[in-house]
Amino acid sequence: MRYYSTRNKKAGESFAVAALTGLAPDGGLFVPETIPPYPRAVQASLGSMSFQDIAFETIKPFAESEIPDPVLEDLVCRAYPFPAPLIQVGDRLVLELFHGPTAAFKDFGARFMALAFAYLRRGEDKPLHILAATSGDTGGAVADGFYNVEGISVTVLYPKGRVTPLQERQIAGLGGNIRALAVEGSFDDCQRLVKAAFGNGDLKKRLALSSANSINITRLIPQAVYYAASAGKAFAGKTDPLGDASPRNSKFVPSGGTSGTFRAVAKQPIVFCVPSGNFGNLIAGLYALEMGAPIRGFIAATNSNKTIPDYLDTGYYEARFSKATISNAMDVGAPSNFERMVAHWSLQETRRMVHGVSVSDEDTCKTIGEVHKTTGYFLDPHTAVGWHGVDQFQPLRSFGGGSLAVLATAHPAKFAEAVEPLTGPVPVPASLKKALERKPQARIIPADLSALLEVL
Ligand SMILES: *Cc1c(COP(=O)(O)O)cnc(C)c1O
């Protein structure tokens, strides 16, 4: 498979180059030349295959001839030792994507990216150094994904005092090959420093540098897997039984997946509601649809940063400054994956597959409280945006229900400060308990390049 820059359709690159350089040299994002359809036999058995087998079949054509089959099989097994259950909550389905080590869906992309990097760099003697800036959530997933991966070390920059105590422990509590720098400044300062470091000739001579930000194609592709797996499951009329790890109180009564307005209806393609910020997750869903997973379409739910819903509405794209909301991992005014959206699909095509909605903080909070009161299930603020997005999108009701799932992008305990005042205490999963016990060991640096270069 060849990969093109969204800004230059001529010069194709290999999977390895697209992976390890992240951003194309012209500033564009890498996109695959085609979105390969699943073989018939695979498409027909998505409902009965294991998650790892679906991951293998989904990723394989994107890395064809560059990652041999047995290696890829091993990679997906090591990347995904945790489930992505599709369960019934109240009148709809929820796809829980927070059972990974940092309790957010970004684990699916970050873990595959780390293992793919290690394989693609095999035999190189210069160790690879990853530089990443984070406002909170991404840094933890990247740190965890690369932790103890041989031949790779990581430096994560985060704004000192502006991430939650839990996020700080996820980023700075691991040690080993993960170095954390608490920058005296904002997230923008962190990003500026990383960019400046990449532009520094001396440093590039000394270290093999790469980035691990959300636009990397190796983070995007594996996210198509949970869409295909859950769409296949629902199409077979199946859901997962409720596990112990779902965030709920004793009032929660699972309804068995057959009684909701929106439930797993056999032979009916599913609609996903995707809480969106940078739109990587949504693009991955569109890849799964194009590959042939039984998906009818998407509701893209944003908070008040509604650049894409407005684009779908008016046909005009207008980047904006981001506004702060309680679903802060989605506070993006200029979603970088918009470039991928238009590289693959016209406005008309996108409108056929995606409906945009924007949800206020007020409605997000109301939703967290109401869903907890009526079902006993805890939503985090991002998932609550998705939940309310479904309620706001009335045309679905007029279809009379059907297969529909909201993506639960983070565990509510990760955002306990916002959730608990609305619901009472949230159960904390084992992964987060473990992280909370760690001691953050970040080095504090001023927001200037010389300080960063000195550390590196
Ligand atoms: C990153 C993130 C999102 C937004 O995902 P995009 O791919 O950027 O649209 C939503 N929810 C949570 C919890 C996140 O961490």
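For the structure itself, look to the data block above.
These numbers were taken from a predicted model, which means no experiment stands behind them.

K.L.:
Where do I start with the site of the ligand in this structure?
P.N.:
As a structural note, the neighbourhood of the ligand is formed by 15 residues, with Lys106, Asp137, Gly277, Asn278 and Phe279 the closest of them. Contact between the ligand and Asn281: an oxygen atom at 2.9 Å from a main-chain N or O atom of the residue. Protein coverage of the free-state accessible area of the ligand, which is 380 Å², stands at 95%.

K.L.:
Please explain the packing of helix α3 (residues 51-59) against helix α4 (residues 69-79) as it appears in this structure.
P.N.:
Packed helices, taken two at a time, are described by the angle between their axes plus the distance between the axes. Between α3 and α4, the shortest axis-to-axis distance is 9 Å and the interhelical angle comes to 130 degrees. By the angle class used here, α3 and α4 are oblique. Handedness of the α3/α4 crossing: right-handed. Where α3 abuts α4, its residues Gln52, Ala55, Phe56 and Ile59 lie against Asp69, Leu72, Glu73, Val76 and Cys77.

K.L.:
Can you walk me through unusual backbone geometry in this structure?
P.N.:
Outside of glycine, negative phi angles account for most residues, and trans bonds account for most peptide bonds. You will see that Ser65, though not glycine, has its phi angle at about 70 degrees, which is positive. One non-glycine residue, Ala103, adopts positive backbone phi at about 65 degrees. Counting through the fold element by element, Ala103 comes out in the loop between β5 (92-96) and α5 (106-120). Judged by relative accessible area, which is 0%, Ala103 ranks as buried.

K.L.:
Which parts of the structure should I look at to understand the nonpolar core?
P.N.:
Nonpolar side chains in soluble globular proteins generally cluster together in the buried interior. Core analysis: the largest hydrophobic core is formed by 99 residues, its most contacted members being Phe146, Tyr226, Tyr227, Phe272, Tyr287 and Ile295. Sequence-distant contacts of Tyr226, that is, excluding residues within four places in its chain, are made with Phe51, Ala84, Leu95, Leu97, Phe105, Phe108, Asn281 and Leu407. In terms of nonpolar packing, the next biggest core, distinct from the first, is built from 20 residues, Val94, Val371, Trp387 and Val419 among them.

K.L.:
Just checking my understanding: could you explain helix α17 (residues 381-392) for this structure?
P.N.:
Three- or four-residue spacings in an α-helix give side chains the same orientation, since the helix completes a turn every 3.6 residues. The terminal C-alpha atoms of α17 lie 16 Å apart, and with twelve residues this matches the ideal 16 Å at 1.5 Å per residue to within 8%. The buried fraction of α17 is high, at ten of twelve residues. If you check which residues of α17 are buried, you get Pro381, His382, Thr383, Ala384, Val385, Gly386, Trp387, His388, Gly389 and Val390.

Cut-offs applied
- Residues numbered from 1 in each chain as written.
- Predicted model: local features only at pLDDT ≥ 70, side-chain atom pairs only at ≥ 80, totals over all residues.
- Heavy atoms only, no water.
- Near = heavy atom within 4 Å.
- Polar contact = N/O pair within 3.5 Å; in protein donor to acceptor, adjacent residues only side chain to side chain.
- Areas by Shrake-Rupley, 256 points an atom, 1.4 Å probe, with all protein chains shown as cover.
- Axes fitted to C-alpha atoms, helices over the stretch in contact; angles between N-to-C directions.
- Helix = DSSP H or I, 4+ residues; strand = E, 2+ residues; numbered from the N terminus.
- Parallel < 35°, antiparallel > 145°, perpendicular 65-115°, else oblique.
- Left-handed = near helix turned anticlockwise from the far one by under 90°.
- Contact = heavy atoms within 4.5 Å.
- Buried < 20%, exposed > 50% of the residue type's maximum accessible area, 1.4 Å probe, protein only.
- Core = buried A, V, L, I, M, F, W, Y, C linked by side-chain atoms within 4.5 Å.
- Expected span 1.5 Å × (residues − 1).

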